[in-house]
Each structure stands twice: as C-alpha cells, then as structure tokens.
Amino acid sequence: MTIQEPSSISLLSPTGRFAPSPTGPLHYGSLLTAVASYLNIRANNGTWLVRIDDLDPPRQMPGAVSEILHALEVYGLHWDQDIVYQSKRQHIYDEALAKLQEKGLVYFCSCSRKDILERGERVYSGHCRKGHLAGRKQYAMRIKVPQTTLSWNDLIQGPQITELFQANGDFVVRRADGLYAYHLAAVIDDAAQRITESIRGADLLPSTSAQRYLQQVLDIEPPEYGHIPVAVNEKGEKLSKQAGATPISTVDPATTLCKVLQDLGQAPPEDLEASSVSDILRWGQKNWSLDNVPARHTL
Ligand code: GLU
Ligand code: ZN
C-alpha cells in the first residue's frame, strides 16, 4: 500500500477575508463584498476573517472601524479569530521589503507625482532604476516590474491576461511618506493569514496582477481571486466612502440583505425578507452559487 503525501494546498483549510479600509462607514458596495466573501467561504465550512486596512492614517475617519464592525454584527456577519490591523504590522512589511531589497528588486525613486505627469507617463517608466536625484527629504521605493504577461483565472470574471509592466509600471511598495503601499501589505497579510480566496470588488481587479507579481517574487502561493461587480450611483461612479456614499442602514437589515442576495444573483424567495438575518444568511449559505454571481464589473 502506498500512502499518498497530501498536496500542500489540501493542508490549508478554506479561509476568506473581508478587508475594509476605515475611510468611512460601510456602504452598500462594501456590504456586497462582505456578504459575498462570507457566504462563499461559509458554504465550504471555511474560516472568515476581518482585516482592517488602516495603512493610511490621513485617509481614515475617526470612528469608522467601530461603525464598520457594528454594521457587520447587525448583518449577522460574525468573523472568526482576532481582527488584524495593518497599522500594527509595520515590522512585518519591513521584513518583506528587506527580502525584496536582498533580491535587488527595489530601488529609491525621487520623482514627484508632478515629475511623472510632466513626463507624460501613464504608468511609472522606471526612470530612477539607474539612480535617483539626491537631496530630496523623502524617497519612495519602487519595484522593478518585468515586461511579461500574467494570466490567471478569476473565480467570477473568468480568464484574465495582463501585460504586467504596461498595467502597473514599476509600482510603489513604500511611499515617500514612509507608509507601506496597499499591494505589498495586502499580499503579506493574505499570506500571513493563510487566505485561500480573496473575494472582493471588481475595482480591485486591476490590482491583482501587481499582487500576483509580488507573490511570485516573494515565493508566496497566491490565493484564488474572485471579483464581484461593484455598486455604482446614478452617474455610474463607484460607491465609495470618500465620495460620501450613504452608509448602509442598520434599521432593517433583513430587507437590505435580501437585496444583496438578489444583486449577487442568488434569487432569494420573496418571503425571505420576513426572516431574521441569521436565517437569511443560513438560506444564503445553503443555496450559495458562485457561478450565479454576475460576471460584470459594475452592477
Ligand atoms: N482595503 C481595500 C478596500 O477597502 C480592499 C483590500 C482587498 O480586498 O484586497 O478597497
Ligand atoms: Zn523616480
């Protein structure tokens, strides 16, 4: 009899996450993401984590974290384990940056936003690869991005092919103000939390190639990615906390939750609205079909 080695992937139990930036209270679009990631993981008896992406203090709104968490509770979206706060993980990102430095993949960049704009670059061209201007107070750190094609399969949007450099240029991993950039922090934290699937808004679809490149160079097994349509306003603009989208109401969560299920293509029965949020989520979990989530970028 031969005993088969389990493959490394089977050692990881299904783990998903919701990673809001606390720039304002939860709005309808972020609730859609929270519910989709929650149901897709719970339907597989997996673990659902909440991470607070509070990397960028100037963009944060006081009180947003507790408002977001309160709304998740009202909507019955109970998370496992302790919440991770990116603001407390500087040292972990430092280690990742050191690894990239050892590999000779990152360099200092002295260009301001204005410099890049004036050169007419759509993405950063790699101007400082050969050396940066001395005498500036602060420098960003950028990663060298090769001219290659990355392809992967999005769980919802289907096959993706991206010209890595054309899409991202040499992107920033640490900003000139010393804050770590979203791509690096997200990749490191998804790996540290052993996230197996990242279900998030389609506004982040263009971020995925940059993140997959970081995973490649840091020897990280990428999670699966699935991008749900983002909610837009009458003008076709993405609902966003910064643009002042209406916070979701915590008064009648059952009705809103049924609308979320509807928008996620799950066709809940009409009388489900009369149920409690926990019963609605139970229905959602039992009847969940990722294949029925619309493969569009906007709702
Ligand atoms: N914090 C990001 C946002 O709110 C999402 C990060 C992610 O899901 O990768 O847009
Ligand atoms: Zn530069």
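Residues numbered from 1 in each chain as written. Chains lettered and ligands numbered in written order. Predicted model: local features only at pLDDT ≥ 70, side-chain atom pairs only at ≥ 80, totals over all residues. Heavy atoms only, no water.

*Asks:* Looking at this structure, I do not really get the packing of aromatic side chains. What am I missing?
*Replies:* Aromatic rings considered in pairs are described by the distance between their centres and by the relative angle of their planes. Taken as a whole and assessed by the stated rule, the structure comprises four aromatic pairs. Taken together, a centroid distance of 5.1 Å and an interplanar angle of 85° make the contact between Tyr-38 and Trp-48 edge-to-face. Of this pair, Tyr-38 sits in helix 1 (residues 28–42) while Trp-48 is found in strand 2 (residues 47–52), placing the two residues 10 residues apart along the sequence. With a relative accessible area of 0%, Trp-48 lands in the buried category. Ring geometry for Phe-108 and Tyr-139: centres 6.1 Å apart, planes at 70°, overall edge-to-face. Here Phe-108, found in strand 4 (residues 106–109), pairs with Tyr-139, found in the loop between helix 4 (113–118) and strand 5 (140–143); they are 31 residues apart in sequence, far enough to count as distant. Judged by relative accessible area, which is 19%, Tyr-139 ranks as buried. Three or more aromatic residues joined by ring pairs make a cluster, and in this case those are Phe-18, Tyr-38 and Trp-48. (Phe/Tyr/Trp six-rings, centres within 6.5 Å; stacked < 30°, edge-to-face > 60°. Helix = DSSP H or I, 4+ residues; strand = E, 2+ residues; numbered from the N terminus. Buried < 20%, exposed > 50% of the residue type's maximum accessible area, 1.4 Å probe, protein only.)

*Asks:* How should the packing of helix 1 against helix 8 (residues 253–263) be read in this particular structure?
*Replies:* When two helices pack together, their arrangement is given by the angle between their axes and by how far apart the axes lie. Direction vectors running N to C along helix 1 and helix 8 enclose 70°, while the axes themselves pass 10 Å from each other. Between helix 1 and helix 8, the interaxial angle falls into the category roughly perpendicular. Taking contact as the criterion, the partners of Tyr-28, Leu-31, Leu-32, Val-35 and Leu-39 in helix 1 are, on helix 8, Thr-256, Leu-257, Lys-259, Val-260, Leu-261 and Asp-263. In the contact of helix 1 with helix 8, the residues fall into eight nonpolar, one polar and two charged. (Axes fitted to C-alpha atoms, helices over the stretch in contact; angles between N-to-C directions. Parallel < 35°, antiparallel > 145°, perpendicular 65-115°, else oblique. Contact = heavy atoms within 4.5 Å. Nonpolar A, V, L, I, M, F, W, Y, C, P; charged D, E, K, R; others polar.)

*Asks:* Would you mind showing me how to read the pattern of salt bridges here?
*Replies:* Close approach of charged atoms allows side chains with opposite charge to pair. Per the stated rule, a full pass over the model turns up 16 salt bridges. Notably, a salt bridge pairs Arg-175 with Asp-56, separated by 3.1 Å at the nearest N-O pair. In this pair, Arg-175 is assigned in the loop between strand 8 (172–174) and helix 6 (182–192) and Asp-56 in the loop between strand 2 and helix 2 (64–74), connecting sequence segments 119 residues apart. For Arg-175, a relative accessible area of 25% translates into the label partly exposed. Residue Asp-56 is classed as buried on the basis of its relative accessible area of 13%. Note that Asp-177 is salt-bridged to Arg-175, the shortest N-O span being 2.6 Å. Counted as one network, the salt bridges with shared partners bring together Arg-17, Arg-51, Asp-53 and Asp-190. (Salt bridge = Lys/Arg side-chain N within 4 Å of Asp/Glu carboxyl O.)

*Asks:* Explain the coordination of the zinc ion (ligand 2) to me, please; I cannot follow it from the model alone.
*Replies:* Reference geometry at the metal: tetrahedral coordination by four donors gives ideal angles of 109.5 degrees; octahedral coordination by six donors gives 90 or 180 degrees. Taken together, Cys-109 (SG), Cys-111 (SG), Tyr-124 (OH) and Cys-128 (SG) make up the full set of protein donors to the zinc ion (ligand 2), lying 2.0 to 2.3 Å away. Around the zinc ion (ligand 2), the four donor atoms are arranged such that angles at the metal cover 100 to 124°; this shape is classified as tetrahedral. Mapping the donors of the zinc ion (ligand 2) onto the primary sequence gives the spacing C-x1-C-x12-Y-x3-C. With Cys-111 in the loop between strand 4 and helix 4 and Tyr-124 in the loop between helix 4 and strand 5, this pair connects stretches of sequence that are 13 residues apart. A relative accessible area of 15% means that Cys-111 is categorised as buried. Classification of Tyr-124 by relative accessible area gives buried; the value is 4%. (Donors = N, O, S within 2.8 Å, 3.2 Å for Na, K, Ca; no water. Tetrahedral: all angles 85-135°; square planar, octahedral: opposite > 155°, others 65-115°.)

Just geometry here; none of it tells us what the structure is for.
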